[in-house]
Amino acid sequence: MIPSYSGMWSVLKESFACDSELTVAVDTTSTPVLSTRAQTEIDNELEAMEERMRALRTRRNNFSPISSIPPEILGTIFVQHAQQTQLLHVPDNPAVLSWLKVGHICRHWREVALGTPELWATPFLNSSRATEEMLLRSKMAPLNLRCGQRYRMDSVQKALMHIDRLQEVSLPFLNGGMTYRWVMEFLNKLSSCSAPKLQSLSLEEEFAQTLRIAIPTSFVAPNLRSLQLKYCDLSWASSVLTGLTVLNIKKLSPECLPTLEELISALCRMPALRFLELEDALPTLPPQTMSLPRASPAMNVRLLHLKRLRLVAKILDVANVLAHIELPDSAMLEVQLGCRPSSSTNTNQEWILSLPIISHALESCFKAKSCRTPRSMRLFAAGRIHVQYSTVRNPSSWAGSMSDTCLDPEWAVEQPVILDFDFPSETSTAIFSDLWRLVPIRTLEALYIEGFFSCWDGFWTDLLGGGAAPNLAYLNLRETPQALEDLIISLRSTHSSTRSIGWRAHKELVFSPALSRLVIDSLEFDTSFSTFTRASDLLDVLIDRVNEGRGLDSLAITGCTGISAHDVRLLREVVADVQWDEYESFDDFDLEYDYDSLENDDDDDDYDFYDAGELYYY
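Along every chain, residues carry numbers that run from 1 in the direction the sequence is written. Owing to the predicted nature of the model, reporting of local features is limited to residues with pLDDT of at least 70; listing and counting of side-chain atom pairs is limited to 80 or more, with chain, interface and lining totals taken over all residues. Where side-chain values are given, they derive from all heavy atoms of the structure, hydrogens and water being excluded.

Description of helix α6 (residues 153-160)
Keep this limit in mind: Buried means the residue's accessible area, taken with a 1.4 Å probe over protein chains only, is under 20% of the maximum for its type, while exposed means over 50%, and partly exposed covers the values in between. Each helix is a run of DSSP H or I of at least 4 residues and each strand a run of E of at least 2, with the numbering of both proceeding from the N terminus. What the arc covers is the set of directions going from the helix axis to the C-beta atoms.
Within α6, burial applies to Ser155, Val156, Ala159 and Leu160. Along the axis of α6, the buried residues cluster in a sector spanning 130°; they form a single face.

This is the structure:
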């Protein structure tokens, strides 16, 4: 008999009830054990599969061309990349560690990176853990210690303990204290134990301190080649001043200044010297010196390999040292002189005494070689006179304002001579008039003049040694109102007067007969009938030069007031190419500044320093 629907449901219900009871019994006894075992087996299989896939990917990567590079060559490439990265950032910027990304590419690269000790030889001294880890991974590779303005003192101390591995030590200080003590402990160790790998030592205090770092007389670093000190003292008889190729000493204390004999003796112990920079570290002459000591040939030193000479001191002291240094006839020699008077009473006399010696020294920079011919001169006056000469015409680095440009020579290229005269204004006339005696000005093709200084009648004639300047084709004036006024006079095609030059009287030559381009920047033309330069004065002079066959090819006027669109139209009838920024008065200049853009400016975004103990490593 077939059960009814309700009967069938009762049977199924009882059956489900029995199965349910059985299921519950199984779940409470054997199911957790079986499930855990099955999951473990599956996890093991997944791990094996992942390891198998990693092995397959590694095998696949081995067939790529880059994987054929031997590990030692790949490690060398990594080291070069790290060194280039470190050159782009200050030592305390975490970006110097961006080369760590090479270990994130693949297992092989990571193994090569970890197995290249030289890659870790420049510890990041802004983190204790980073320093410890990198000292460990660098094994016995030579160490390079480079500090920025921020560093952990314990990191510096740990690194300085590896004295037998140190290759480069560069430590700037903001103050004394603990850093002073650690550095002195390090230097004292050099008196008793050797630093056989040390090649470069740089110790620079930012400001003068009561406690000054003192370099010991006995200094055991036989391979030292570069020494840079600022506000640190040393004995000129120290063994450290032997065999150097780079010597840079700034701001010695008065009691540590050398005598002339000590300086020459030290330089004689450095026959391969390439860079010599001495700032306030020269022998000093007695006060009220009225004549320079006669130079004895036996006291001279020849620096045949010198590439850069920079001397900054009182002008008589600079001249006294220059008289005893024989500079090489080299196409790569660069000379930079910073001179100031010894007193405020005999500045003209000091200039006259020093001029022949400085002129003779600079002859080595301008021998009869085409590559050393000065083609450009830049003159900047703002309390002091700064002169630059270049062997190229219109250097790109001269495009902006000199006041916005670092006067330190590091950025300058192809500039054999840089002169800096910090003299009273009453001596400026003598200096400007004698510049042509220092450098062969007749070869100049471009001249840049900027700044506020007093001019006189005949300024341009005296500046260019007679005013002829036969090759001068480019002239750039910036913020020099008096120089512009005298230029208008000098640009006249003919002169009726004569001037005495040297021992003979010469008829004045036409000023800059080759002048073809004139740039006038940030000057004010007077629109009234006063004694100041007017736009009409410039127009008259340019018309005269056109009539004489010496017209300009190009005229640029930027940032100048007192000149109108009408004036520019008249100038364009005389000069084919007139460039004007349509700036007529201060009202045309937008003085508004978006200060709101600075509200969210956070310097910390650029210097996301790691906390102590943090380092992204493998």
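Points about empty space enclosed by the protein
Applicable threshold: Using only the protein atoms, space was sampled on a 1 Å grid; points where a 1.4 Å probe fits but cannot get out form cavities, open sets with protein on both sides within 12 Å along at least five of seven lines form pockets, and lining residues are those with an atom within 4 Å of a point. Grid points are joined across faces, edges and corners, and a volume is the space filled by probe spheres set on the points. Throughout this entry, Asp, Glu, Lys and Arg are counted as charged residues, while Ala, Val, Leu, Ile, Met, Phe, Trp, Tyr, Cys and Pro are counted as nonpolar. The remaining residues, Gly among them, count as polar.
Scanning all chains against the criterion turns up 2 cavities of 30 Å³ or more. Its boundaries defined by the atoms lining it, the second largest cavity holds a volume of some 30 Å³. Forming the walls of the second largest cavity are Pro91, Asp92, Phe124, Leu125, Asn126, Arg146, Cys147, Gly148, Arg150 and Tyr151. Classifying every residue of the lining of the second largest cavity by side-chain character gives 5 nonpolar, 2 polar and 3 charged.

Looking at the packing of helix α10 (residues 347-362) against helix α11 (residues 428-438)
Let me state the cut-off plainly: Axis definition: a line fitted to C-alpha atoms, over the contacting stretch in the case of helices. Angles run 0 to 180 degrees between N-to-C directions. Geometric relationships in this document are graded by angle, where less than 35 degrees denotes roughly parallel, more than 145 denotes roughly antiparallel, 65 to 115 denotes roughly perpendicular, and other angles denote oblique. We call a crossing left-handed when the near helix sits turned anticlockwise from the far one by less than a right angle, and right-handed when that turn is clockwise. In what follows, residue pairs with any heavy atoms lying within 4.5 Å of each other are defined as contacts.
Look at α10 against α11: their axes get within 10 Å of each other, and the N-to-C directions meet at 20°. If you check the angle between α10 and α11, you find them roughly parallel. For the pair α10 and α11, the sense of crossing is right-handed. From α10, Asn348, Trp351, Leu355, Ile358, Ser359 and Leu362 reach across to α11, where they touch Ala430, Ile431, Asp434, Arg437 and Leu438. Of the residues in the contact of α10 with α11, the class split is 7 nonpolar, 2 polar and 2 charged.

Brief notes about the layout of surface pockets
Of the voids in this model, the largest pocket is the one considered here, and its volume is about 560 Å³. For the lining of the largest pocket, the secondary structure elements donating two or more residues are α3 (71-88), β1 (143-146) and β2 (166-173). Counting residues per element, the lining of the largest pocket draws most heavily on α3, at 5 residues. Classifying every residue of the lining of the largest pocket gives 14 nonpolar, 6 polar and 3 charged.

Side note on the environment of Glu206
Within the secondary structure layout, Glu206 lies in the loop between β3 (200-205) and β4 (213-215). Take Glu206: its relative accessible area is 35%, and that puts it in the partly exposed class. Taking C-alpha positions, Glu206 is 7.7 Å from Tyr231, a pair spaced 25 residues apart along the chain.

Topic: a nonpolar patch on the surface
Put simply, the test is: What makes a patch is a set of residues exposed beyond 30% relative accessible area and free of salt bridges, joined within 9 Å when like-charged and within 5 Å when nonpolar (Val, Leu, Ile, Met, Phe, Trp, Tyr). Here the open area of atoms and residues is found with the Shrake-Rupley method and a 1.4 Å probe, where only the protein chains shown may cover a residue. Only one rule defines a salt bridge in this text: a Lys or Arg side-chain nitrogen within 4 Å of an Asp or Glu carboxyl oxygen.
Taken together, the side chains of Ile42, Leu46 and Met49 present a nonpolar region at the surface, about 290 Å² in accessible area. Among the structural elements, Met49 can be located in helix α2 (residues 31-61).

Notes on unusual backbone geometry
In this model, Lys251 sits at a positive phi of 60°, which is unusual for a non-glycine residue. Here Lys251 is to be found in the loop between β7 (246-250) and α8 (260-268). For Lys251, a relative accessible area of 25% gives the class partly exposed. Within the chain, Asp280 stands out as a residue other than glycine whose phi angle is a positive 50°. Here Asp280 lies in the loop between β8 (275-279) and β9 (301-302).

Here we look at the pairing of strand β17 (residues 474-478)
Put simply, the test is: At least two DSSP bridges between two strands are required for those strands to pair.
Most of β17 sits out of view: 5 of its 5 residues are buried. Side-chain alternation along β17 places Tyr474, Asn476 and Arg478 on one buried face and Leu475 and Leu477 on a second face that is also buried. Where strand β16 (residues 446-451) and β17 come together, 5 bridges link them in parallel fashion. Across the sheet, Leu447 pairs through a bridge with Leu475, a residue of β17. The pairing of β17 with strand β20 (residues 517-521) spans 5 bridges and is parallel. Residue pairing in the sheet places Tyr474 in a bridge with Arg517 of β20.

Thoughts on the pattern of salt bridges
On inspection of all chains with the given rule, the structure shows 19 salt bridges. Glu445 serves as the salt-bridge partner of Arg393, at 3.9 Å between the closest nitrogen and oxygen. Here the residue Arg393 occupies a position in the loop between β14 (385-390) and β15 (417-421), and Glu445 occupies one in the loop between α11 and β16, the gap between them amounting to 52 residues. By sharing partners, the salt bridges in this structure join Lys251, Glu277, Glu279, Asp280, Arg308, Arg310 and Arg340 into a single network.

Some remarks on the packing of aromatic side chains
The line we're drawing: Note on aromatic contacts: the rings of Phe and Tyr and the six-membered ring of Trp form a pair at centre separations within 6.5 Å, being stacked when their planes are under 30 degrees apart, edge-to-face when over 60 apart, and tilted otherwise. We count a charge as sitting over a ring when the NZ of a lysine or the CZ of an arginine lies within 6 Å of the ring centre and within 35 degrees of the ring normal.
Under the definition given, this model contains 7 aromatic pairs. When the centroid spacing of 5.1 Å and the interplanar angle of 90° are considered together, the rings of Trp351 and Phe421 count as edge-to-face. Of this pair, Trp351 sits in helix α10 while Phe421 sits in strand β15, placing them 70 residues apart in sequence. You'll find Trp351 and Phe421 in the same group, each marked buried. Here the aromatic residues Trp351, Phe421 and Phe423 are joined through ring pairs into a cluster of three or more. The positively charged end of Arg137 is found above the aromatic ring belonging to Trp120, 4.7 Å away from the centroid.

Observations concerning the packing of α3 against helix α4 (residues 107-114)
When two helices pack together, their arrangement is captured by the angle between the axes and the distance separating the axes. Look at α3 against α4: their axes get within 9 Å of each other, and the N-to-C directions meet at 75°. It follows from the interaxial angle that α3 and α4 lie roughly perpendicular. For the pair α3 and α4, contact is made by Pro71, Leu74, Gly75 and Phe78 and by His108, Trp109, Val112 and Ala113, respectively.

These figures come from the coordinates and say nothing about function on their own.
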